[in-house]
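Observations on the model geometry
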Amino acid sequence: MNQTHFKNLMNKFVWGICFLFVCSFSSVALTTDEKKDIPLQGEWEEGKRSLQVECPVSASWDGTCLYVKSLSPRSTIHVTLSNGVENICDETIPAGACPATLYIGALDSGETYQLVLTNQFGDRLEGIINQ
């Protein structure tokens, strides 16, 4: 094998490695989902306190994690995420521990999931995740 042929082979090899690196980086960047807000419906009054906040709890997800935020430290929040057959997530967030991140894993494509948030005051919020 002569030196020119070896240089050409090495050049192709280096470009191939660069191409694979760029492709794998691009696919990771494209699959990283942004947080999507989950519209919540229901009432969250925390024992009818005098200062009313429209809805002090919010939820979002990014494809693998569920994010729960609360403007109030009063509620212990019970989180349930279900596909109608089984609970995907069944966690309790202690009062004052928000914001919280709950790993839920990859959800099945084409499925609808129901998110339910409850607290010790009997409040309940519900939302839907369409995957």
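The paragraphs below set out a description of the structure included in this document. (Residues numbered from 1 in each chain as written. Predicted model: local features only at pLDDT ≥ 70, side-chain atom pairs only at ≥ 80, totals over all residues. Heavy atoms only, no water.)

Here we take up the overall build of the protein. If you tally the helices and strands in the protein, you get one helix and nine strands. N-terminal to C-terminal, the α/β element order of the protein is α-β-β-β-β-β-β-β-β-β. In the protein, buried positions account for 30% of the 131 residues. By element, 56% of the accessible surface of the protein is carried by carbon and sulfur atoms, the whole surface being about 8900 Å². (Helix = DSSP H or I, 4+ residues; strand = E, 2+ residues; numbered from the N terminus. Buried < 20%, exposed > 50% of the residue type's maximum accessible area, 1.4 Å probe, protein only. Areas by Shrake-Rupley, 256 points an atom, 1.4 Å probe, with all protein chains shown as cover.)

Bringing the pattern of salt bridges into the picture now. Enumeration over the complete set of coordinates arrives at one salt bridge. With a closest N to O distance of 2.6 Å, Glu-126 and Arg-124 form a salt bridge. Among the residues examined, Arg-124 registers a relative accessible area of 41% and is labelled partly exposed. (Salt bridge = Lys/Arg side-chain N within 4 Å of Asp/Glu carboxyl O.)

Read across the open sheet, the five strands follow the order S2-S9-S8-S5-S6; overall the sheet is antiparallel. Both outer strands of the open sheet, strand S2 (41-43) and strand S6 (87-93), are each paired with one neighbouring strand and no more. Recorded for the sheet is a direction-independent mean angle of 10° between the axes of neighbouring strands. Looking at chain direction, strand S8 (residues 112-118) and strand S9 (residues 124-130) are connected through seven bridges and run antiparallel. Bridge pairing in S9 places Val-116 opposite Glu-126. (Pairing = 2+ DSSP bridges. Axes fitted to C-alpha atoms, helices over the stretch in contact; angles between N-to-C directions.)

In a beta sheet, neighbouring strands pair by backbone hydrogen bonds and run either parallel or antiparallel. One open sheet accounts for four strands, arranged S1-S3-S4-S7; its pairing is antiparallel. The open sheet has two free edges, formed respectively by strand S1 (36-38) and strand S7 (100-103), since each of these has just one partner strand. Sheet twist, expressed as the mean angle between neighbouring strand axes with direction ignored, is 30°. Pairing analysis gives five bridges linking strand S3 (residues 57-61) to strand S4 (residues 65-70), with the strands arranged antiparallel.

Quick look at the pairing of S7 now. Burial along S7 is one-sided: the residues Ala-100 and Leu-102 are buried and none of Thr-101 and Tyr-103 is. Bridge count for S4 against S7 is four bridges, and the pairing is antiparallel. Directly across from Leu-66, in S7, lies its bridge partner Leu-102.

This paragraph deals with the pairing of S4. When you tally the buried positions in S4, you get five out of six residues, the bulk of the element. Counted along the chain from S3 to the antiparallel partner S4, the turn is three residues long, and its residue Gly-63 has a positive phi close to 105°.

Right, let's talk about the packing of aromatic side chains for a bit. Evaluation of the coordinates by the stated rule reveals zero aromatic pairs. Above the face of the Tyr-67 ring, Lys-35 is positioned so that its terminal group lies 4.0 Å from the ring centre. When the ring centre of Trp-61 is taken as reference, the NZ or CZ atom of Lys-36 above it lies at 5.3 Å. (Phe/Tyr/Trp six-rings, centres within 6.5 Å; stacked < 30°, edge-to-face > 60°. Lys NZ or Arg CZ within 6 Å of the ring centre and 35° of its normal.)

The subject of this paragraph is the environment of Ala-59. As for its placement among the helices and strands, Ala-59 is situated in strand S3. Classification of Ala-59 by relative accessible area gives buried; the value is 3%. Sequence-wise, Ala-59 and Pro-39 are 20 residues apart; in three dimensions their C-alpha atoms are separated by 7.7 Å. Each residue touching Ala-59, except ones within four places of it in the same chain, is listed here: Lys-36, Asp-37, Ile-38, Leu-40, Tyr-67 and Leu-115. (Contact = heavy atoms within 4.5 Å.)

Limitation: the analysis is restricted to geometry and does not speak to function.
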